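Chain by chain, the residues run as shown.
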Protein chains: 2
Amino acid sequence: MIEPFAAVEVIAAKRDRYELTDPQIDWIISAYTRGVVADEQMSALLMAILLNGMNAREISRWTNAMINSGERMQWSALDRPTADKHSTGGVGDKITLPLAPLVAACGGAVPQLSGRGLGHTGGTLDKMEAIPGWRAELSNEEMLKVLQDCGAVICAAGAGLAPADKKLYALRDVTATVESIPLIASSIMSKKIAEGTSALILDVKTGSGAFMRDPVQAGILARTMVQLGKDAGVTTRALVTAMDVPLGLTAGNALEVRESIEVLAGGGPSDVVELTLLLAREMIEAAGIVGKDPETALKDGSAMDVWRRMVSAQGGDPDAALPMSKFQQDITATSAGRMISMDAMKVGVAAWRLGAGRSRQGEKVQAGAGVELHAKPGEEIVRGQKLMTLHTDESERFSRAVEILDGCIEIVPGGQVKRLPLIVERVEA
Amino acid sequence: MIEPFAAVEVIAAKRDRYELTDPQIDWIISAYTRGVVADEQMSALLMAILLNGMNAREISRWTNAMINSGERMQWSALDRPTADKHSTGGVGDKITLPLAPLVAACGGAVPQLSGRGLGHTGGTLDKMEAIPGWRAELSNEEMLKVLQDCGAVICAAGAGLAPADKKLYALRDVTATVESIPLIASSIMSKKIAEGTSALILDVKTGSGAFMRDPVQAGILARTMVQLGKDAGVTTRALVTAMDVPLGLTAGNALEVRESIEVLAGGGPSDVVELTLLLAREMIEAAGIVGKDPETALKDGSAMDVWRRMVSAQGGDPDAALPMSKFQQDITATSAGRMISMDAMKVGVAAWRLGAGRSRQGEKVQAGAGVELHAKPGEEIVRGQKLMTLHTDESERFSRAVEILDGCIEIVPGGQVKRLPLIVERVEA
């Protein structure tokens, strides 16, 4: 094959602030996937993109080129409309677990391809794997079958889906080129569009525990992704939501599965229930389903029913006891007053240090490890009250978790609560 | 060995416009040389440096770290002061060939470590290799012996000299990170300082045939390098000189050796003689030599004498006939008038296309190929007059050389000559 470009000229163009042309973008993604463009060339280009930016046309073309690097899934065999949700990740964000069966119970088909955690944010697959027997890896045929039988499936993305993104994602991680809105947006959207959903709801987290701490930046990311969805013919909406405080009362794999099951049983923490219902309504509406109330599906047990079938279909035992950590340690209040803030990032890092997360790809995680919260901002606290319970299988991990939790919670008598509203912004094309 | 930093944090610091600290710079250069920092990480950092810059302290430390990655040569065994010249490269720039023996004839010791050509600029070693039998690769002991016996040596830099720079240079070439003044300055100066010279004269070329086309940028590069030399205790001066028009009347390996020998014999084109003498005076003065006139050393044959001994010491036969190309083709004037300009870049590319240069490292070059000029800007031209002779061993190369030469020369009756002064600027610490 004769290559139409040289990598150096494409890198130099972006370095010198020119727009990349459509053929340049198509070629560089294809050539990188084929190994013709080397990692050291792509990382130089990624840094130039991070610093000099890409415009809407470039981002859209870049996304498409990544989609075209692999297969695009097809759900035309299904008799229901597809809808999917993607969260940019946060601490205690277990919403996918109750949401996917809930939307399925309302008549949607939810092909939820998920990832594993890295760093302080958890991964949906790590959480689901806390369920004894449950397996994440499905063939495309198995995935379709679970989706047909249950209406929802949560599983790992196959290697055939946007392989360019997989290679780029690993490269960005080691070259400090993660924090670029064009690259984040195209990475997320290429996978989601290749996944073949016809409706997509994006949950863009903002605040200390989120990847995009700044709500303004989170809003730009949300609008960029909604535009990419529109360009690809996918009905896409985004909510920018709070991640300054952890979601719900748990951060950790089995702990979050337990909380999700509480929500499916009609209970659970109010913020988790509220966000789950909001996202469910968005998905249902975007999928064109009318006359279904997700709140009813939580109350009448139909969402729980889908969950149990979905877990069983992937080898999990929905009645099995969830793993518990070997060791627990409580953290109590050293003063009294109103809890005015709780730093999501510190809780996330503590859960990670307790063994719930990994530092390197491929590392094992502890199913039972994590942080359980007993109070949230806004509550009145008495001195000595239990604020958190830390869980781990290795007691030597407690000290470093306690260390990071220093200053995590502010308690001020009569103080004003400092936190973002749950929904910061809603973005529609 | 426990690494004190992670590559990602160093890259992120420069990406976010922070200054790199001394320990960060020392570590990243050392870790890259040791293979702990990968090419794809270094290229992302290089792009961040290219786009966000480095200040004087960072450039100085970066240069030092590259020097410390290898050996630093020592000439204390010599009974004469060392002086060296470096040119940033241009078309027809053969000055090193007459200059090194000339300065030796005036009492200096010239340890001239040189490189090969890439693209449209020639390399000193490629030129010298046109001399039958001459070899570029010497051990450190051989180099010292030639220097002691002849007062000058022109040879390839050994692998032990600034190995970090060698790795970085190859990486920059394929990642579009060449055009950065901090990276160019540190690359040149790390090699020259490690080479152990006590006086250094830099010839920074500017104009169409130079790497730094813009005289302002060339001046910044010159001042940056002079400062680096001063920081390292090397007496350093720089001349910014014209490269809008080729130097002398030849561009090509054997052609340039022939012209250099003419200069050593007391003849040769006036611009080559003038620049050679200017640089020789700078080197002699910077080395602290007094009472020597390089013009005399050209006239009385003492510089030629050093040349012949130096060529012989490296296996070359100073009396052997120089290679001639198999084919020649003349280019003649299609109109009459004053020649007001000649584009050095076009002449350089023509010589390259005729076989004098290489497109990839390791490619062979033709000794006899190149461009011979019969007129220069300022001369009155008659229609049909011979302007150039093209030389190559492969006649099929003529057409692409002629193609690039279109528009190379402007002839305007009574026109005003457009060219830079030979010396644009002189920079001293």
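Residues numbered from 1 in each chain as written. Chains lettered and ligands numbered in written order. Predicted model: local features only at pLDDT ≥ 70, side-chain atom pairs only at ≥ 80, totals over all residues. Heavy atoms only, no water.

A. A look at the overall build of chain A. From N to C terminus, chain A includes 16 helices and 13 strands. Relative to its length of 429 residues, chain A is compact, with a C-alpha radius of gyration of 22 Å against a globular reference of 22 Å. If one aligns the C-alpha atoms of chain A with their principal axes, the spans along those axes are about 70 × 45 × 35 Å. For chain A, the residues scored as buried account for 56% of the 429 residues in total. In chain A, the proportion of contacts linking residues at least 24 apart, taken out of those at least 6 apart, comes to 79%. Positive and negative side-chain charges in chain A, numbering 45 and 54 respectively, have mean positions lying 1 Å apart. (Helix = DSSP H or I, 4+ residues; strand = E, 2+ residues; numbered from the N terminus. Rg over C-alpha atoms; globule rule 2.2 N^0.38 Å. Buried < 20%, exposed > 50% of the residue type's maximum accessible area, 1.4 Å probe, protein only. Contact = heavy atoms within 4.5 Å. Lys, Arg positive; Asp, Glu negative; His and termini not counted. Charge placed at Lys NZ, Arg CZ, Asp CG, Glu CD.)

B. Summary view of the packing of aromatic side chains. Enumeration over the complete set of coordinates arrives at 2 aromatic pairs over all chains. Where F5(A) meets W27(A), the ring centres are 5.9 Å apart and the plane angle is 55°; that geometry is what we call tilted. Of this pair, F5(A) sits in the segment before α1 (7-15) while W27(A) sits in helix α2 (residues 22-33), and the two are 22 residues apart along the sequence. The ring of Y169(A) carries the charged tip of K191(A) above its face, separated from the ring centre by 5.0 Å. It is K167(B) that lies over the ring of Y32(B); its NZ or CZ is 4.2 Å from the centre. (Phe/Tyr/Trp six-rings, centres within 6.5 Å; stacked < 30°, edge-to-face > 60°. Lys NZ or Arg CZ within 6 Å of the ring centre and 35° of its normal.)

C. Local environment of the interface of chain A and chain B. Each partner contributes to the interface: chain A provides 20 residues, whereas chain B provides 20 residues. Carbon and sulfur atoms supply 69% of the area buried between chain A and chain B, which totals about 1,600 Å² over both sides. For the chain A face of the interface with chain B, the top three residues by lost area are R15(A), E40(A) and L51(A), together amounting to 35%. Two residues, E179(A) and R15(B), come together in a salt bridge whose shortest N-O distance is 2.8 Å. Applying the counting rule to chain A against chain B returns 9 residue pairs in polar contact (both at pLDDT 80 or more). The set of elements that each furnish at least two residues to the side of chain A that touches chain B consists of α1, α3 (39-52) and α8 (163-174) of chain A. (Buried area = accessible area lost by both parts, 1.4 Å probe. Salt bridge = Lys/Arg side-chain N within 4 Å of Asp/Glu carboxyl O. Polar contact = N/O pair within 3.5 Å; in protein donor to acceptor, adjacent residues only side chain to side chain.)

D. Expanded view of the packing of helix α7 (residues 140-150) of chain A against helix α14 (residues 302-313) of chain A. Residue and element names in this part refer to chain A. Where α7 contacts α14, the axes come no closer than 10 Å and their chain directions differ by 155°. Taken together, the axis directions place α7 and α14 in an arrangement best described as roughly antiparallel. Helix-helix and strand crossings are classified by hand; for α7 and α14 the assignment is right-handed. For the pair α7 and α14, contact is made by V146, D149 and C150 and by V306, R309, M310 and A313, respectively. Of the residues contributing to the contact of α7 with α14, the split by class is 5 nonpolar, no polar and 2 charged. (Axes fitted to C-alpha atoms, helices over the stretch in contact; angles between N-to-C directions. Parallel < 35°, antiparallel > 145°, perpendicular 65-115°, else oblique. Left-handed = near helix turned anticlockwise from the far one by under 90°. Nonpolar A, V, L, I, M, F, W, Y, C, P; charged D, E, K, R; others polar.)

E. Up close: the relation of the copies chain A and chain B. Once chain A has been moved 0.1 Å along the axis and rotated by 180°, it coincides with chain B to within an RMSD of 0.0 Å. Both chain copies can therefore be described as sitting about a two-fold axis. The C-alpha atom lying nearest the rotation axis in chain A is that of E40(A); the distance is 1.8 Å. (Least-squares fit on C-alpha atoms with pLDDT ≥ 70 in both.)

F. A look at the domain arrangement of chain A. Residues and elements named next belong to chain A. You can read the domains of chain A as domain 1 (7-53), domain 2 (83-320) and domain 3 (327-412). For domain 1 and domain 2, the distance between their C-alpha centroids amounts to 31 Å. The partner domain 2 presents 12 residues to the 11 residues of domain 1 that form the contact. Each partner contributes to the roughly 1,100 Å² buried at the junction of domain 1 and domain 2, and carbon and sulfur atoms together form 81% of this total. Together, Y32, L46 and L50 form the three largest contributors to the area buried by domain 1 at its contact with domain 2, with a combined 51%. Viewed at the interface, domain 2 and domain 1 are joined by 0 salt bridges. For the pair domain 1 and domain 2, the number of links is 1 residue pair in polar contact (both at pLDDT 80 or more). Contributing elements (two or more residues each) for the side of domain 1 that touches domain 2: α2 and α3. For the side of domain 1 that touches domain 2, the element with the highest residue contribution is α3, accounting for 7 residues. Residue classes in the side of domain 1 that touches domain 2 are distributed as 7 nonpolar, 3 polar and 1 charged. (Domains from an automatic or database assignment.)

G. The arrangement of the environment of G316(A) in detail. All names here are of chain A. Within the secondary structure layout, G316 lies in the loop between α14 and β7 (327-332). Along the sequence, G316 and S395 sit 79 residues apart, while their C-alpha atoms lie 29 Å from each other. The residues contacting G316, other than those within four sequence positions of it, are I131, P132, G133, W134 and V311.

H. Representation of the pattern of salt bridges within the structure. All names here are of chain A. Per the counting criterion, the structure on display carries 74 salt bridges over all chains. Close ionic contact of D22 with R57 constitutes a salt bridge, the shortest N to O distance being 2.7 Å. In this pair, D22 sits in helix α2 while R57 sits in helix α4 (residues 56-68), placing the two residues 35 residues apart along the sequence. Judged by relative accessible area, R57 falls into the partly exposed class, the value being 31%. A salt bridge links R338 to E380, with the shortest nitrogen-to-oxygen separation between them at 3.0 Å. Of this pair, R338 sits in strand β8 (residues 337-342) while E380 is found in strand β10 (residues 380-381), placing the two residues 42 residues apart along the sequence.

I. Summary view of the nonpolar core. M42(A), W62(A), W307(A), M42(B), W62(B), W307(B) and M388(B) are the most contacted members of the largest nonpolar core, which has 282 residues in total. For W62(B), the residues in contact, after removing those within four places along its chain, are I25(B), I28(B), I29(B), M42(B), L45(B), L46(B), I49(B), M54(B), L168(B), L183(B) and S186(B). (Core = buried A, V, L, I, M, F, W, Y, C linked by side-chain atoms within 4.5 Å.)

J. Quick peek at helix α8 (residues 163-174) of chain B. An ideal rise of 1.5 Å per residue puts 16 Å on 12 residues; α8(B) measures up with 18 Å between its terminal C-alpha atoms. Restricting attention to buried positions, one finds in α8(B) the residues A164(B), D165(B), L168(B), L171(B) and R172(B). Within α8(B), the buried residues cover an arc of 130° as seen down the axis, which keeps them to one side. For α8(B), the elements touching its buried residues are α3 of chain A together with α2 (22-33), α3 (39-52), α4 (56-68) and α9 (181-194) of chain B. In the stretch just after α8(B), A176(B) is the one whose phi turns positive, near 55°. (Expected span 1.5 Å × (residues − 1). Arc of directions from axis to C-beta.)

K. Highlighting the sheet that holds strand β4 (residues 199-206) of chain A. Residue and element names in this part refer to chain A. Strand order in this open sheet of 4 strands is β1-β4-β5-β13, and the pairing throughout is mixed. Since the sheet does not close on itself, it has two edges, and those belong to β1 (83-87) and β13 (423-428), each with one partner. Across this sheet, the average inter-strand angle for adjacent strands is 15°, counted without regard to direction. (Pairing = 2+ DSSP bridges.)

L. Local environment of unusual backbone geometry. Here the phi dihedral of A162(A) falls at roughly 45°; this positive angle occurs in a residue that is not glycine. Mapped onto the fold, A162(A) is located in the loop between β3 (152-156) and α8. The phi torsion at R17(B) lies on the positive side, around 70°, for a residue other than glycine. Accessibility expressed as a relative area gives 63% for R17(B), which makes it exposed.

M. View of the sheet that holds strand β7 (residues 327-332) of chain B. Residue and element names in this part refer to chain B. Strand order in the open sheet formed by 4 strands is β6-β9-β11-β7, with antiparallel pairing between adjacent strands. Of all the strands in the sheet, just β6 (250-251) and β7 have a single pairing partner and so form its edges. Sheet contacts for helix α15 (residues 344-356): β6, β9 (370-373) and β11 (386-392); angle to β9, the most-contacted strand, approximately 130°.

N. Looking closely at the environment of I29(A). Residue and element names in this part refer to chain A. Looking at the element boundaries, I29 is found in helix α2. Spatially, the C-alpha atoms of I29 and S69 are 7.6 Å apart, while their sequence positions differ by 40 residues. Leave out the neighbours within four places in its chain, and I29 touches W62, A65, M66, A164 and L168.

O. How the structure looks around the confidence of the model for chain A. With 100% of its residues at a pLDDT of 70 or more, chain A has an overall mean of 95. Our summary of model confidence lists the complex with pTM equal to 0.90 and ipTM equal to 0.88. (pLDDT = per-residue confidence, 0-100.)

P. Quick look at the environment of V347(B). Residue and element names in this part refer to chain B. Along the chain, V347 falls in helix α15. Its relative accessible area of 1% is what places V347 among the buried residues. Contact partners of V347, with chain neighbours within four places excluded, come to V91, P246, A251, M342, V371, M388, L405 and C408.

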